[in-house]
Amino acid sequence: MITALTGRDLAVKRGERLLFEGLDFDVRAGGAVVVTGPNGAGKTSLIRAVAGLIAPVQGRIGFHGPAGPIEPDEARRAGCHLIGHQDGLKGARAAREELLFWTRWTGGGAASAHRAAVLLGLERILPLEVRLLSAGQRRRLALARLIAAPRSLWLLDEPFVSLDGAARATLQEILRRHLEEGGMVFAASHEPLPVAAQILELGR
Amino acid sequence: MITALTGRDLAVKRGERLLFEGLDFDVRAGGAVVVTGPNGAGKTSLIRAVAGLIAPVQGRIGFHGPAGPIEPDEARRAGCHLIGHQDGLKGARAAREELLFWTRWTGGGAASAHRAAVLLGLERILPLEVRLLSAGQRRRLALARLIAAPRSLWLLDEPFVSLDGAARATLQEILRRHLEEGGMVFAASHEPLPVAAQILELGR
Amino acid sequence: MSAAGTLLARELRLVFARGGGPLLALGFFACVAAVLPLAVGPAPGKLALVAQGAAWTALALSMLLGLDRLFEPDLDDGALDLLALGPLPLAFVGAIKCLAQWLVNGAPLALAAPIVEVALGGPPRAAPMMLAAGALGSLAFAFVGGTGAALVVAARRGGLLIAVIVIPLIVPPVIFGGVAIDAYASGQPWAPALALLGAYALAAVALSPLAMGAACRNALG
Amino acid sequence: MSAAGTLLARELRLVFARGGGPLLALGFFACVAAVLPLAVGPAPGKLALVAQGAAWTALALSMLLGLDRLFEPDLDDGALDLLALGPLPLAFVGAIKCLAQWLVNGAPLALAAPIVEVALGGPPRAAPMMLAAGALGSLAFAFVGGTGAALVVAARRGGLLIAVIVIPLIVPPVIFGGVAIDAYASGQPWAPALALLGAYALAAVALSPLAMGAACRNALG
Amino acid sequence: MISALVNPLRFMAFSRWAAPALGALAAALIVVGIALGAAAPPDYQQGETVRIMFVHVPAAWTAMFAYAALGSASFVFLVFRVALADAAARAAAPLGAGFTLMALITGSLWGRPMWGAWWVWDARLTSVLVLFLLFVGYLALRAAIEEEQRAARAGAILALVGLVNLPVIKFSVDWWNTLHQGESIFRAGGPTIAAVYLWPLFVMGAGFLAAFGALWLVRIRAEVWRRRAAGLALQAAADA
Ligand code: HEM
Ligand SMILES: Nc1ncnc2c1ncn2[C@@H]1O[C@H](COP(=O)(O)OP(=O)(O)OP(=O)(O)O)[C@@H](O)[C@H]1O
Ligand SMILES: Nc1ncnc2c1ncn2[C@@H]1O[C@H](COP(=O)(O)OP(=O)(O)OP(=O)(O)O)[C@@H](O)[C@H]1O
Ligand SMILES: [Mg+2]
Ligand SMILES: [Mg+2]
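Description of the structure in this document. Just so we're clear, the structure is a prediction, and the values are computed from it rather than from any experiment.

**Some details on the overall build of chain A**
Within chain A one finds 6 helices and 9 strands. Whereas a compact globule of 204 residues would reach a radius of gyration of roughly 17 Å, chain A reaches 17 Å, a difference of no more than 12%. Principal-axis analysis of the C-alpha atoms places the extent of chain A at approximately 45 × 40 × 30 Å. When each of the 204 residues of chain A is scored for burial, the buried share is 57%. Contacts spanning at least 24 positions in sequence make up 69% of the contacts within chain A whose residues lie at least 6 apart.

Structure follows, in structure tokens:
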């Protein structure tokens, strides 16, 4: 259970290009950070760095639990969840299979997976192969996977992409609730989030 | 050169599910249609039907040139361009390679490809492999491919996805100009287009 | 540059990127040539008897590699949609893909076949026929294999189906080639078998594009 | 269900979906068995001489099929990111993938090997060793091949590298197995060769997960 | 006849009596064939085993005929978009697989005494095995594609492509110095089999073909019914 996330003096490089440096942030339980900036500024890269998928060339990312600092790898294994530009869903498998697998993999159970599916209005499409889903349905499936897992730190890379109005509202509601319950959100987005959040502006 | 697109009494099925029926639309040179509706309503399917990638179960789609009706296949081969949820770009190839290939394939030349790249601010990233691009940069590359090709009917499936403010503005400008020049736009989108357009509302 | 030319250039690059180009096929081919003797064991002459057959088989199998990547990626990432909106019919697109497959994998394999055959201890005099049969055969394999790949892509089920569907189709050319090589090596009349192989290759080149085009269309829907 | 169990279940399904499961490998295997004789020609007995070697080679090659699909899809569609955020270290994930590969392809191939060997006209008495060597060998091939696939995916280059990287790694087990089978069939002492094969397999199972884990990490960055 | 095949209703009417009639004919022919075959003297070199021929050869012929039927039905479906033709193709495949298997089994039963081996990798034997694989592949492909129409089209294309194998089977014996019997019946210059064997062979052949025809019609009818049922189910789902 992660209760705080801190970044200190972060710098991330892709290839030879330095995307940003000297970046600091603090998120506490119930808090959110929104990363904004033009295309290619480094939002996704920052999120991946927090997820431990990219090593920053400088600075450090710290995770804290109720009982003080947690070893980052451990924190990520047990406390983080990610929604990226790619959703990691296999087109040839049934939506239900994928939802169940990822939920279990991240420590959730069939019950919570089912609840998530209902919340996002996926019941009807669960039997379909993922490749048959519409873009928005697919995105909802990824979101269902997120909320079905008992993880407190959500890393969201443009979570609203290709959602319709109704789904957006649902997601905003979900985010609000997650924060109320003491979760944390670290999101990259081109549109404002409905929750009070620290804004990290990259690429200026 | 397509100067008019008409749909009459269209019905499209996916699997056993009837997405919509009795759909009519008319687009003339300089005109636009925007397809709206909730996720899974059938926007993408409709666009793919117009592109000839899905056969409607009923109704007909007609293309007209200055000299009267054009045989659909022919019209699509010479006059249509498509931007879908998937961009068909190969991650392992350089952005420039992909842009040039698709431009040539759709009848454009290196010059127009270059102009498009400049217009969308892609010069710097053209040498990169596509997989290294950010989501928005990748989307811009797809857009560059679209405007570099001398084709009058644009089929756009959520063209604004993952573009930043600046890029959105550019795209809106591009759309405006395309219409002024007598082009046609057939778009699916969850957000309103900046141009006067006939609205097709699916899924009610 | 003509549309066909552009497409061919792209396909050639993709085959390279995908399979490491000729080197994958050749590597596999060489691997067989290297592994077979090891597996057969040192006893001299044993291998020589089947050298031509082994080389021919290895060539046929090498051509099957990477078939499942011929159409699937383009279908999955949406490139096939745009190819369908291009100036050339899908049949033509399929043909060009197979041609690229042959240029990058088939031709080098045909050139390597005699070497492998001799390396396995086969009679050097069989070499020319290895080359001829290799060239024609790989052409047939490329196009027939492409047809199988295009049919299977609609099922989104890769390997098994391709194998089940393509194997029956490549058996005839394998037979013809095997006979031609055998006959040539043993000084019997080889022309008829080679002619049959050529005919099959021609038929494949001429007809399978239609099948591929129809199959791709079918997969797109 | 434990995380490992869930993952294994998924991987098994994916290997099935990807290659049509055992049937792809078996189909390829059968294809070799069907094509080789045709290529070699009808003259009886010729083939029998190399039956074991051919079967063993075919098995080794069949195990190489679909290796390039072991990690690449998960990397491309972002699944690997989420696997990295899971409860198990990537090394473990890699090991499970290879295990699935072996369960779905390797084991059935081992079972089929004696049949193919006999079908090619080899001595039935060699069958037990075909089975033993097949089981151990395919295990080694699965893990070594997996390592190669992981290394390659980090380099984003398909087949070529796999061939170049994996082939040298699988040559030793191929030799050991070939020798063991040969010795067993001809009544010579076979234990040492088989022991070597077993040792290699064990080493592969023990060490390659570390390599895979590191390679995947490196691919993600 | 053709029009009857194209129009489902008239086909159903026609097949209602045609199927049983063909079945009866098949039964009669096969009984006579068996009798003639049993009456035929043992071959001077093959002995009693020669009688296997009376099953083996007709089975082989019927297998090839079945594939021809599959191919032509597929052609009609692809070109003229006749749904019934697809039903016919689908119905023919399993039957063809069955007869092919029969030819393979009887053949290898015959091979044991004649060649001292159940199986040899000979061009004809292999090409028949290929025929079997083609039937299997056709069924597998159809099974692997969920959507009815898509599966039908893919299958039809495959069936057409597979037609190349028929001449290979037919002429493999000439193209390759096989162990297998050369053309001895339908060959330029008349048959080389003694009349005592030829007659039972022909009668059995006709019987097998008739049997195939009967079974085929029955299966097509079943397929048509299945589709009607599916259609009704959809209707119900839509109305509900
Ligand atoms: C699995 C083994 C075998 C298979 C798959 C097989 C297959 C076939 C096929 C497809 C035909 C039809 C050829 C045609 O009419 O064009 C045929 C005909 C025939 N087979 Fe076999 N056969 C097998 C074994 C044998 C054996 C062991 C014998 C006896 C030595 C035999 C004797 C014949 C004869 C006499 C004919 C009729 C000759 C002709 O008109 O072609 N077959 N077989
Ligand atoms: N090997 C490389 N060499 C140079 N630049 C690279 C390399 N790899 C990635 N980049 C650059 O790094 C940046 C990655 O940015 P990132 O994906 O984090 O952007 P982003 O803020 O998420 O943008 P978007 O809003 O489009 O998603 C891009 O500008 C890309 O061009
Ligand atoms: N084989 C199938 N069986 C049943 N339903 C299917 C099948 N294939 C596709 N569908 C449904 O068809 C619809 C396809 O919708 P489409 O992709 O056109 O939606 P869309 O309007 O583009 O949605 P989005 O806004 O999310 O992109 C989806 O609801 C999907 O679930
Ligand atoms: Mg991004
Ligand atoms: Mg859509």
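From this point, things continue past the structure.
**Considerations on the packing of helix H3 (residues 95-105) of chain A against helix H5 (residues 135-148) of chain A**
All names here are of chain A. Remark: H3 packs on H5, axes separated minimally by 9 Å, with the N-to-C direction vectors making an angle of 30°. Here H3 lies roughly parallel to H5, going by the angle between them. In this structure, H3 crosses over H5, and the sense of that crossing is right-handed. Residues Ala-95, Leu-99, Trp-102 and Thr-103 of H3 form the contact with H5, whose participating residues are Leu-141, Ala-144, Arg-145 and Ala-148. Residue composition of the contact of H3 with H5, by class: 6 nonpolar, 1 polar and 1 charged.

**Quick word on the pairing of strand S7 (residues 153-157) of chain B**
Both faces of the sheet carry side chains from a regular strand, because those side chains alternate between them. Residues and elements named next belong to chain B. Most of S7 sits out of view: 5 of its 5 residues are buried. Side-chain alternation along S7 places Leu-153, Leu-155 and Asp-157 on one buried face and Trp-154 and Leu-156 on a second face that is also buried. Summarising the sheet, S7 and strand S8 (residues 184-188) pair through 5 bridges and their orientation is parallel. Bridge pairing in S8 places Asp-157 opposite Ala-188.

**Some points on the nonpolar core**
In terms of nonpolar packing, the biggest core is built from 366 residues, with Leu-46 and Phe-186 of chain A together with Leu-46 and Phe-186 of chain B touching the most fellow members. With 15 residues, helix H8 (residues 158-185) of chain C is the single largest residue contributor to this core. Setting aside its immediate chain neighbours within four residues, Leu-46 of chain A contacts Leu-10, Phe-20, Leu-23, Phe-25, Val-35, Phe-186, Leu-200 and Leu-202 of chain A.

**Looking at the site of ligand 2**
Ligand 2 sits among 20 residues. The nearest are Lys-43, Thr-44 and Ser-45 of chain A together with Ser-134 and Gly-136 of chain B. Contact distances for ligand 2 include 2.8 Å between an oxygen atom and a backbone N or O atom of Gly-40 of chain A. Between ligand 2 and His-190 of chain A, the relevant distance is 3.2 Å, taken from an oxygen atom to a side-chain nitrogen or oxygen of the residue. When the free accessible area of ligand 2 is taken as 650 Å², the share hidden by the protein chains comes to 91%. Elements with a minimum of two residues in the shell around ligand 2: strand S2 (17-28) and helix H1 (43-50) of chain A together with helix H5 (135-148) of chain B.

**Thoughts on the pattern of salt bridges**
Taken as a whole and judged by the stated rule, the model has 46 salt bridges over all chains. Where Arg-69 of chain D meets Glu-72 of chain C, a salt bridge forms, and the shortest distance between an N and an O atom there is 3.1 Å. Within this pair, whereas Arg-69 of chain D is found in the loop between helix H3 (46-64) and helix H4 (72-76), its partner Glu-72 of chain C is found in helix H4 (residues 72-76), the two belonging to separate chains. Judged by relative accessible area, Arg-69 of chain D falls into the buried class, the value being 12%. For Glu-72 of chain C, a relative accessible area of 17% gives the class buried. As a salt-bridge pair, Asp-74 of chain D and Lys-97 of chain D come within 2.5 Å of each other at their nearest N and O atoms. One end of the pair, Asp-74 of chain D, is in helix H4; the other, Lys-97 of chain D, is in helix H6 (residues 90-119), and 23 residues separate them in sequence. Residue classification places Lys-97 of chain D among the buried residues on the basis of a relative accessible area of 1%.

**Quick word on the coordination of the magnesium ion (ligand 5)**
All names here are of chain B. For the magnesium ion (ligand 5), the protein coordination sphere consists of Thr-44 (OG1) and His-85 (NE2), at 1.8 to 2.2 Å. Taken together, the residues span a long stretch of sequence, with Thr-44 in helix H1 (residues 43-50) and His-85 in the loop between strand S6 (80-83) and helix H3 (95-105) at a distance of 41 residues. Judged by its relative accessible area of 34%, His-85 is partly exposed.

Definitions and limits used
- Here the residue index of a chain counts from 1 through its sequence in written order.
- The naming scheme follows written order: chains are lettered A onward, ligands numbered 1 onward.
- Given that this is a predicted model, residues contribute local features only at a pLDDT of at least 70 and side-chain atom pairs are listed and counted only at 80 or more, while totals for whole chains, interfaces and linings are drawn from all residues.
- Side-chain measures were taken over the full set of non-hydrogen atoms in the model, leaving aside hydrogen atoms and water.
- Runs of E in the DSSP output that reach at least two residues are strands. Runs of H or I that reach at least four are helices, and both are numbered from the N terminus.
- Both definitions apply: the radius of gyration is a C-alpha atom measure, and the globule rule equals 2.2 Å times residues to the power 0.38.
- Throughout this description, buried means an accessible area under 20% of the type-specific maximum (1.4 Å probe, protein chains only), exposed means over 50%, and partly exposed covers the range between.
- Throughout, a contact is declared for two residues whenever any of their heavy atoms are within 4.5 Å.
- Here an axis means a line fitted to C-alpha atoms, over the contact stretch when the element is a helix, while the angle between two N-to-C directions is reported on a 0 to 180 degree scale.
- We call two directions roughly parallel when the angle between them is under 35 degrees, roughly antiparallel when it is over 145, roughly perpendicular when it lies between 65 and 115, and oblique otherwise.
- Should the near helix be turned anticlockwise from the far one by less than a right angle, the crossing is left-handed, and should it be turned clockwise, the crossing is right-handed.
- The classification used treats Ala, Val, Leu, Ile, Met, Phe, Trp, Tyr, Cys and Pro as nonpolar, Asp, Glu, Lys and Arg as charged, and all other residues, Gly among them, as polar.
- In this analysis, strands are considered paired if DSSP registers two or more bridges between them.
- In this text, buried Ala, Val, Leu, Ile, Met, Phe, Trp, Tyr and Cys residues form a nonpolar core when linked through side-chain atoms within 4.5 Å.
- A cutoff of 4 Å decides nearness: a residue is near a molecule or strand if any of its heavy atoms lies inside that distance of it.
- Any N or O atom pair separated by 3.5 Å or less is treated as a polar contact, with the protein-specific requirement of one donor-capable and one acceptor-capable atom, and with residues adjacent in sequence counted only for side-chain atom pairs.
- The Shrake-Rupley method, run with a 1.4 Å probe sphere, supplies the accessible areas, and residue values consider only the shown protein chains as cover.
- Here a salt bridge means any side-chain nitrogen of Lys or Arg lying within 4 Å of a carboxyl oxygen belonging to Asp or Glu.
- Here a donor is an N, O or S atom found within 2.8 Å of the metal, or within 3.2 Å if the metal is Na, K or Ca; sites may look incomplete because water is not among the atoms.

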